[in-house]
Amino acid sequence: MIKLKQVTKTYETNDSLVKAVQKVDLSIAAGEIFGIIGYSGAGKSTLIRLLNGLETPTHGTITVAERNMNEISGRELRKARQEIGMIFQHFNLLWSRTVQENISFPLEIAGLSKKERLNIVNELIKLVGLEGREKSYPSQLSGGQKQRVGIARALANKPKVLLCDEATSALDPQTTDSILDLLVDINQKLGLTIVLITHEMHVIRKICHRVAVMEDGKIVEQGKVFDVFQNPQQSMTKKFVNQVIEAESSSEMIGNLLNQYPKGKIIRLTFIGDTAEMPLITNVIRKFDVSFNILQGKVSQTHGGAVGTMFVHVDGETEQVEQSIKYIRQQKVKVEVLTDARITS
Amino acid sequence: MQELLPNVKWNKVWEATVETIYMTSISVVATFVLGIILGLLLFLTSKGNIYENKIIHAIVAATVNIFRSIPFIILIILLIPFTKVIVGSMIGENAALPALIIGAAPFYARMVEIALREIDKGVIEAAKAMGAKTSTIIWKVLLPESMPALVSGITVTAIALVGYTAMAGFVGAGGLGNLAFLEGYQRFQYDYTFITTIFILIIVFLIQFAGDYVTSKIDKR
């Protein structure tokens, strides 16, 4: 559905060249939810704007829904854009128009008659769950409702691709989840390809099938979300993954735990996929004469499996403790024994 | 009433009021249209915008600045040859119109430009992302989204124009300013000066009231 080959975008400022996007290769399949994550300034905003021609590449080719976005212009480009929906961090609704009129806007651009527009608008209002708010103005809506209008507006011309530019970054966690659920819902109902950019790993974890990590205009790592969570390669990726799966583990916190439990051992377990769902602790207690005390932990669901970490205090005969740790290792759970504020395996 | 205002002839006042309203309304309508065109031109050709063009922007900006800087009373005199060609006369309400419009439109154009710059860039970007043509962006995004500011701007301009018509009256354009000059100033009938002031104030208040009302009605932010 989307293919980028060696795409580079450089800006000229007064005295220097800014390389916003550097030699990016990307391939996104139809029906996929693809996430691009990076901190601000990583070039992800530029990258997503290259996909609908709001930015033109300095080098490289961009194909979206069988159109060469880097070659077309004028009427053809406008036609292509009608088939690519886009939603924004700050919603970008027209405040002078009601919900209904806002959703109708892209249909006016496409040149549909008033009657056709009304039919589609009513359908979309139902799809995004805004019944009863048709005549409201954006200023009368909450952030989540505004983004629903944004989504309905982006879907009006039945696009093949939906671009999400930090679509949940201005929303609170609960609203974020409801908007993400809606995105998954339309992805499944309409078979829509979704490309989203974000700086929150939570968003990637919750709905994306694949993810690309961006740093300094380059894609440093990409793959299935679960694989990336399981085995992050780059330090940037590890930072993002830790946002989600890591229980709080500052050296201060570990130091406190060690002081609190002078006897026995404190270990950190990292669960991935199937191992996250197996009754590991029960098995250990049954097999060995040790006490097992869960200090803190966090397990998150991703598209493809669960991942998580847990801090545990193991106490008992030294021999038994060593045996139990060995057993856990055999279960493909990563074990790290904490000795001082640092972690040793 | 007769004792308070011994010299005032009401039919004269009424006639002058109608002339003032006539000059103001025609010039406000023309200023609104011309100012929006110039303002759009200023906005669209500015840096980073749809029709970014340094040369056109510089020419329009210079013209606007020059005409905005000339004191109105001098502008009228300066435009006498031009007015004679266009209107065919230097006397009467119509003779004031070219100067009124040329004096007010650049002033309003700057206000239009500011109003357009206040529009969230994201909204324009969203319209582009939907595949909107530039004309669609102008008619369906730029103008509707800035309408409250455009209306409050034309309100301020209209009030300035009432003042301009009075000045134009001093050089033969008719209206309340003319009445105040001929009857009040030159013939020392102070009651005429007073009553024309009252009528001008009423016109100004009505314009302000109407402008505020319309602005609050259309502002949905």
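From a predicted model like this one, the values you see are computed outputs, not experimental measurements.

Participant: Whenever I open this one, the confidence of the model for chain A confuses me. Can you help?
Facilitator: Low-pLDDT stretches of the model should not have their predicted coordinates read in fine detail. This prediction gives chain A a mean pLDDT of 88; 96% of its residues lie at or above 70. Here residues 341–345 of chain A scores under 50 on pLDDT; set against residues more than four positions off or in separate chains, the count is 14 contacts.

Participant: Whenever I open this one, the packing of helix α1 (residues 10–44) of chain B against helix α7 (residues 134–170) of chain B confuses me. Can you help?
Facilitator: Helices that pack against each other are described as a pair by the angle of their axes relative to one another and the distance between those axes. All names here are of chain B. At a minimum axis separation of 9 Å, α1 and α7 run at an interaxial angle of 140°. Comparing their axes, α7 and α1 come out oblique. Crossing of α1 against α7: the hand is right-handed. Contacts between α1 and α7 involve T20, M23, T24, S27, V28, T31, F32, I36, L40, F43 and L44 on the former and, on the latter, I138, L142, L143, L150, I154, T157, A158, L161, V162 and T165. Its residues placed into classes, the contact of α1 with α7 shows 15 nonpolar, six polar and no charged.

Participant: I would appreciate a short explanation of the sheet that holds strand β2 (residues 17–28) of chain A in the present structure.
Facilitator: Residue and element names in this part refer to chain A. A sheet is described by the order of its strands in space; here four strands give the open sequence β2-β1-β4-β5, paired in antiparallel fashion. Because the sheet does not close on itself, it has two edges, and the strands there are β2 and β5 (67–68). Alignment of strand β1 (residues 2–12) against strand β4 (residues 59–64), held across five bridges, turns out to be antiparallel. Of the residues in β4, the one forming a bridge with T8 is H59.

Participant: When you look at the packing of aromatic side chains in this model, what are you seeing that I'm missing?
Facilitator: Given two aromatic rings, one states the distance between the centres and the angle between the planes to describe the pair. Residues and elements named next belong to chain B. Evaluated as defined, the whole model comprises seven aromatic pairs over all chains. For the pair F181 and Y185, a centre-to-centre distance of 5.8 Å together with 15° between the ring planes defines the contact as stacked. Of this pair, F181 and Y185 both sit in helix α8 (residues 175–185), four residues apart, which is roughly one turn of that helix. By relative accessible area, Y185 is classed as exposed at 58%. Within the aromatic cluster, the residues linked to one another by ring pairs are F170, F181 and Y185.

Participant: What should I look at first to understand the interface of chain B and chain A in this one?
Facilitator: How big an interface is tends to be stated in terms of accessible area lost as the parts join. With 22 residues of chain B at the contact, the number on the chain A side is 22 residues. Summed over the three residues of chain B that lose the most area to chain A, namely M130(B), E145(B) and K220(B), the buried surface amounts to 33% of that side. Between K140(B) and E108(A) there is a salt bridge, and its shortest N-O distance comes to 2.6 Å. Taken together, the connections running from chain B to chain A amount to seven residue pairs in polar contact (both at pLDDT 80 or more). Of all the secondary structure elements, the ones that give two or more residues to the side of chain B that touches chain A are α6 (121–129) and α7 of chain B. In terms of residue count, the dominant contributor to the side of chain B that touches chain A is α6(B) (seven residues).

Participant: Please explain the domain arrangement of chain A as it appears in this structure.
Facilitator: Residues and elements named next belong to chain A. For chain A, the assigned domains read domain 1 (2–244) and domain 2 (248–337). Between domain 1 and domain 2, the residue contacts involve nine residues of the former and eleven residues of the latter. The contact between domain 1 and domain 2 buries some 800 Å² in all, and 62% of this surface belongs to carbon and sulfur atoms. Its largest share of buried area at the contact with domain 2, domain 1 owes to R205, F226 and V244, together 58% of the area lost on that side. Here domain 1 and domain 2 share zero salt bridges between them. In this assembly, domain 1 and domain 2 are joined by zero residue pairs in polar contact (both at pLDDT 80 or more).

Participant: Where do I start with the UniProt feature "domain: ABC transporter" (unreviewed entry) in chain A in this structure?
Facilitator: Sequence positions flagged by UniProt for "domain: ABC transporter" (unreviewed entry) are, in local numbering, residues 2–241 of chain A. The distance from the first to the last C-alpha atom of residues 2–241 of chain A is 26 Å, and the span holds 39% helix and 27% strand.

Participant: Sorry if this is basic, but what is going on with a nonpolar patch on the surface here?
Facilitator: Residues and elements named next belong to chain B. Among the surface-exposed residues, I73, I74, M167, F170 and V171 lie close enough to one another that they form a single nonpolar patch of about 380 Å² accessible area. Taken together, the elements giving at least two residues each to the nonpolar patch come down to α3 (72–78) and α7. Structurally, I74 is set in helix α3. In this structure I74 comes out as partly exposed when scored by relative accessible area, which is 42%.

Participant: So what exactly am I meant to see when it comes to unusual backbone geometry here?
Facilitator: Residues apart from glycine generally show negative phi values, whereas peptide bonds are mostly found in trans. Residues and elements named next belong to chain A. Positive phi is not limited to glycine here, since E66 has a value of about 65°. Mapped onto the fold, E66 is located in the loop between β4 and β5. For K158, which is not a glycine, the phi torsion comes out positive at approximately 50°. Structurally, K158 is set in the loop between α5 (143–155) and β7 (161–165). A residue is classified by how much of its surface remains accessible, and K158, at 61% relative accessible area, is exposed.

Thresholds, definitions, all that
Counting restarts for each chain, with residues numbered from 1 along the sequence as it is written. Throughout, the order in which chains and ligands are written sets their labels, letters from A for the former and numbers from 1 for the latter. Under the rules for a predicted model, residues below a pLDDT of 70 receive no local features and side-chain atom pairs below 80 are neither given nor counted, while totals for whole chains, interfaces and linings still include all residues. Computation of side-chain values: all heavy atoms of the structure, hydrogens and water removed. pLDDT measures how confident the predictor is about each residue, on a scale from 0 to 100. By definition, residues are in contact when any of their heavy atoms lie within 4.5 Å. What counts as an axis is a line fitted to C-alpha atoms, over the stretch in contact for a helix, and the angles between N-to-C directions run from 0 to 180 degrees. In DSSP terms, a helix is any run of H or I states spanning at least four residues, a strand is any run of E spanning at least two, and both are numbered starting from the N terminus. Should an angle fall under 35 degrees it is taken as roughly parallel, and over 145 as roughly antiparallel, whereas 65 to 115 is taken as roughly perpendicular and any remaining angle as oblique. Here a crossing is called left-handed whenever its near helix is offset anticlockwise from the far helix by less than a right angle, and right-handed whenever the offset is clockwise. Amino acids outside the nonpolar list (Ala, Val, Leu, Ile, Met, Phe, Trp, Tyr, Cys, Pro) and the charged list (Asp, Glu, Lys, Arg) are all regarded as polar, and Gly is one of them. Should DSSP find at least two bridges between two strands, the strands are regarded as paired. Note on aromatic contacts: the rings of Phe and Tyr and the six-membered ring of Trp form a pair at centre separations within 6.5 Å, being stacked when their planes are under 30 degrees apart, edge-to-face when over 60 apart, and tilted otherwise. Residue burial is assigned from relative accessible area. The probe radius is 1.4 Å, only protein chains are included, and a residue is buried under 20% of its type maximum, exposed over 50%, and partly exposed in between. Each of two parts loses accessible area, computed with a 1.4 Å probe, when they are put together; buried area is these two losses added. Only one rule defines a salt bridge in this text: a Lys or Arg side-chain nitrogen within 4 Å of an Asp or Glu carboxyl oxygen. Throughout this description, a polar contact denotes any pair of N or O atoms lying within 3.5 Å of each other; where both atoms belong to protein, one of them has to be capable of donating a hydrogen while the other can accept it, and for residues adjacent in sequence the pair is counted only when both atoms sit in side chains. As used throughout, domain bounds are those supplied by an automatic or database domain assignment. UniProt positions are given in the numbering used here, feature names are shortened, and annotations may be inferred rather than shown by experiment. For patch detection, residues must exceed 30% relative accessible area and be free of salt bridges, and they are connected within 9 Å for like charges or within 5 Å for nonpolar side chains (Val, Leu, Ile, Met, Phe, Trp, Tyr). All accessible-area figures derive from a Shrake-Rupley calculation using a 1.4 Å probe, and residue coverage is judged against the displayed protein chains alone.

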